[in-house]
2 protein chains.
Amino acid sequence: MTFSEENYLKTIYHLTTISESGVSTNAIAEMMETKASSVTDMLKKLAEKDLVNYKKYQGVSLTEKGKLNAKMIVRKHRLWEVFLVDKLDFSWDEVHDIAEQLEHIKSEKLINKLDDFLGNPTEDPHGDPIPDANGQIINTEKHLLSELSENQNGICVGVKDTSPEFLKYLDKQEISLGSKIEIMGKESFDLSLKIKLNGRELTISNKIASNLFVKVV
Amino acid sequence: MTFSEENYLKTIYHLTTISESGVSTNAIAEMMETKASSVTDMLKKLAEKDLVNYKKYQGVSLTEKGKLNAKMIVRKHRLWEVFLVDKLDFSWDEVHDIAEQLEHIKSEKLINKLDDFLGNPTEDPHGDPIPDANGQIINTEKHLLSELSENQNGICVGVKDTSPEFLKYLDKQEISLGSKIEIMGKESFDLSLKIKLNGRELTISNKIASNLFVKVV
DNA sequence: ATTAAATTTTAGGCAAATCTAAAAAAATTA
DNA sequence: TAATTTTTTTAGATTTGCCTAAAATTTAAT
């Protein structure tokens, strides 16, 4: 499989997990910052290889084969991210672009040895699940912090927005995966939250709270 | 720089270190298992980018810029090999093909952090020197084991032939980097050597001895 | 010094992945 | 439902990297 084919597969996979239904040509084009006509070309090629179900004008979905391939790419991407953060001491806002390259390295043995070396992690530095060697994914129940009500407690398990800007903000506030968050109060006017984090009280906007995933405890 | 350009640069670099003089189109084609006409095409492109000095029918050499680029690719290749062997527990005959892919990952920060993580090694698992971040190479004086005479001692510092077959043979004989080798005797008929290795005596052919680099002690 | 052989380059083509512009189909709206 | 808008596909070019076959150049041999 070429890099380009892998990138299309990954994009279709991500779009499917967001909306479940068939994926449109335009949605793919937009996410990949390419033209719809280029997408059509590639979809034909992927259909030829039995990686997607494609019918003209009808949108596209992954076949089982395609889904497994996509999961393996996601697996590689997220394992490399763990490597970069845990072993090479990158911060979580820096790793995406490098992992984007590393995810295309072809060697099953490599990725499985890397998995062991990292201690078989189940989540990447952003809290997203890492598929195992068979494509199995363990999903921890997660909620947006903004959905919790007063006096509920959560542990930060992931982010919705993964942009460097947001991640840097979190670093500044010392919010990271595993942080324990208590909802002290919710301002009904703007939905901002007063929370207790690492023993310290602070206020965060609804925009922040709706991009933080927590596990309710 | 594309993968293909990087591969050409690396090939020219390796051919230059072997023979010093200008590199011929055919030599490149042979090493890369491609056609001479393809090489010509690429040489024009590299010359355009000021990475090689190229005159029709006159062979090619690297510019300073080209040489530095090539060294950085070699640096990446060899650091990744160290990672694979030291951290992921690959054996030295398995790492070449994977490193061949990893060497094209683009991120200076990544490679320098990897370098630190590995403890700034100066040699790869085959004993070949690793250029530093500035392209500087520390060359240890090395000789072929076959060039030593009776009663001289050496420490294995590298291999000339890096084929999996040869490397597996060495593993079987328990010869690795750092092994101390004493020349007990040399058979004038076939130039085979009787050596002492890790306290144990064994006989090796001239073919083996002329593919093992040692540091004389 | 010619001729023959080997090397290298040019010319023309092909496949992958992209693009623009135009045509076709589907969805939306009046 | 008919017209309009949006989405999607097709048609035709372009670029990169490769190929084959033929021409040009250099090297070697007689």
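Conventions we followed
- Residues numbered from 1 in each chain as written.
- Chains lettered and ligands numbered in written order.
- Predicted model: local features only at pLDDT ≥ 70, side-chain atom pairs only at ≥ 80, totals over all residues.
- Heavy atoms only, no water.
- Contact = heavy atoms within 4.5 Å.
- Buried area = accessible area lost by both parts, 1.4 Å probe.
- Salt bridge = Lys/Arg side-chain N within 4 Å of Asp/Glu carboxyl O.
- Polar contact = N/O pair within 3.5 Å; in protein donor to acceptor, adjacent residues only side chain to side chain.
- Helix = DSSP H or I, 4+ residues; strand = E, 2+ residues; numbered from the N terminus.
- Nonpolar A, V, L, I, M, F, W, Y, C, P; charged D, E, K, R; others polar.
- Pairing = 2+ DSSP bridges.
- Axes fitted to C-alpha atoms, helices over the stretch in contact; angles between N-to-C directions.
- Phe/Tyr/Trp six-rings, centres within 6.5 Å; stacked < 30°, edge-to-face > 60°.
- Buried < 20%, exposed > 50% of the residue type's maximum accessible area, 1.4 Å probe, protein only.
- Near = heavy atom within 4 Å.
- UniProt positions renumbered as here; feature names shortened; annotations may be inferred.
- Domains from an automatic or database assignment.
- Least-squares fit on C-alpha atoms with pLDDT ≥ 70 in both.
- Core = buried A, V, L, I, M, F, W, Y, C linked by side-chain atoms within 4.5 Å.

A closer look at the interface of chain B and chain A
- The partner chain A presents 21 residues to the 21 residues of chain B that form the contact.
- For the pair chain B and chain A, the summed buried surface comes to about 1700 Å²; carbon and sulfur atoms form 73% of the total.
- By the criterion of area lost to chain A, the three top residues of chain B are B:Leu88, B:Gln101 and B:Lys113, representing 28% of everything that side buries.
- For the pair chain B and chain A, the interface holds two salt bridges.
- A salt bridge links A:Lys109 to B:Glu94, with the nearest nitrogen and oxygen atoms 2.5 Å apart.
- Seen at the junction of chain B and chain A, the total is eight residue pairs in polar contact (both at pLDDT 80 or more).
- Counting residues per element, the side of chain B that touches chain A draws most heavily on helix H6 (residues 108-117) of chain B, which supplies five residues.
- Of the residues that constitute the side of chain B that touches chain A, the class distribution is twelve nonpolar, three polar and six charged.

A short note on the sheet that holds strand S6 (residues 193-197) of chain A
Residues and elements named next belong to chain A.
- The antiparallel open sheet is built from six strands, whose spatial order is S3-S8-S4-S5-S6-S7. Of all strands in the sheet, those with a lone pairing partner are strand S3 (143-144) and strand S7 (200-204), marking the two edges.
- With three bridges joining them, strand S4 (residues 153-159) and strand S5 (residues 180-186) adopt antiparallel strand pairing. Within S5, the position partnered with Gly 154 by the bridge is Ile 181.
- This element, helix H7 (residues 164-172), spans S4, S7 and strand S8 (212-216) of the sheet and lies at about 145° to S4.

Thoughts on the packing of aromatic side chains
- Applying the stated criterion to the full structure yields eight aromatic pairs over all chains.
- Consider the rings of A:Phe117 and B:Phe83, whose centres lie 6.2 Å apart with planes at 80°: the pair is edge-to-face. Here the residue A:Phe117 occupies a position in helix H6 (residues 108-117), and B:Phe83 occupies one in helix H4 (residues 64-87), the pair thus bridging two chains.
- Assessed through its relative accessible area of 21%, A:Phe117 is described here as partly exposed.
- With 5.6 Å between their ring centres and 80° between their planes, B:Trp80 and B:Phe83 make a pair best called edge-to-face. With a gap of three residues between them, B:Trp80 and B:Phe83 both fall in helix H4, about one helical turn apart.

A short note on the protein's contact with DNA strand C
- Surveying the vicinity of DNA strand C reveals 20 residues, the closest of which are A:Thr34, A:Ser38, A:Lys45, B:Lys44 and B:Tyr54.
- Per the 4 Å cut-off to the protein, sugar and phosphate atoms form 75% of the nearby atoms of DNA strand C.
- Measuring from a phosphate oxygen of DNA strand C, one finds a side-chain N or O atom of B:Thr40 at 3.0 Å.
- For DNA strand C, a phosphate oxygen lies 2.9 Å from a polar atom in the backbone of B:Tyr57.
- Counting residues per element, the ones that place at least two in the surface near DNA strand C are helix H1 (3-19) and helix H3 (36-48) of chain A together with helix H2 (25-32) and helix H3 (36-48) of chain B.
- Split by residue class, the surface near DNA strand C holds five nonpolar, ten polar and five charged.

Section: the UniProt feature "domain: HTH dtxR-type" (unreviewed entry) in chain A
- Residues given the UniProt feature "domain: HTH dtxR-type" (unreviewed entry) here are residues 1-63 of chain A.
- Across residues 1-63 of chain A, the secondary structure splits into 60% helix and 10% strand, with the terminal C-alpha atoms separated by 16 Å.

Focus on the sheet that holds strand S7 (residues 200-204) of chain B
- With respect to topology, six strands assemble into an open sheet ordered S3-S8-S4-S5-S6-S7 (chain B), the strand pairing being antiparallel. Of all strands in the sheet, those bounded by a partner on one side alone are strand S3 (143-144) and S7 of chain B.

Regarding the pairing of S8(A)
Residue and element names in this part refer to chain A.
- The pairing of S3 with S8 spans two bridges and is antiparallel. By the bridge assignment, His 143 is partnered in S8 with Val 214.
- Note: S4 against S8, five bridges, orientation antiparallel. Bridged to Ile 155 within S8 is Lys 215.

Quick look at the protein's contact with DNA strand D
- Taken together, 20 residues lie around DNA strand D, and A:Lys44, A:Tyr54, B:Thr34, B:Ser38 and B:Lys45 are the ones closest in.
- Here the atoms of DNA strand D within 4 Å of the protein split so that 77% fall in sugar or phosphate, with bases taking the remainder.
- At a separation of 2.9 Å, a phosphate oxygen of DNA strand D approaches a polar backbone atom of A:Tyr57.
- Note that a base oxygen of DNA strand D is positioned 3.0 Å from one of the side-chain N or O atoms of B:Ser37.
- Grouping the constituent residues of the surface near DNA strand D by class yields five nonpolar, ten polar and five charged.

Overview of the domain arrangement of chain A
- When cut into domains, chain A gives domain 1 (3-62), domain 2 (67-129) and domain 3 (143-216).
- For domain 1 of chain A versus domain 3 of chain A, the distance between C-alpha centres works out to 34 Å.

Description of the relation of the copies chain B and chain A
- Laying chain B over chain A is done by rotating through 180° and shifting 0.1 Å along the axis; what remains is an RMSD of 0.2 Å. Interpreted geometrically, this transformation is the action of a two-fold axis. Residue B:Leu102 of chain B places its C-alpha closer to the rotation axis than any other residue of that unit, at 3.8 Å.
- When the interface residues of chain B are mapped onto chain A, 100% of them again fall at the interface, so both copies present the same face.

Describing the nonpolar core
- Counting 33 residues, the largest nonpolar core has A:Trp80, A:Phe83, A:Leu114, B:Trp80, B:Phe83 and B:Leu114 as the members making the most contacts within it.
- Taken together, the elements giving at least two residues each to this core come down to helix H4 (64-87), helix H5 (95-102) and H6 of chain A together with H4, helix H5 (95-102) and H6 of chain B.
- It is H4(B) that contributes the most residues to this core, six residues altogether.
- Setting aside residues up to four positions removed in sequence, A:Leu114 forms contacts with A:Leu79, A:Trp80, A:Phe83, B:Phe83 and B:Leu88.

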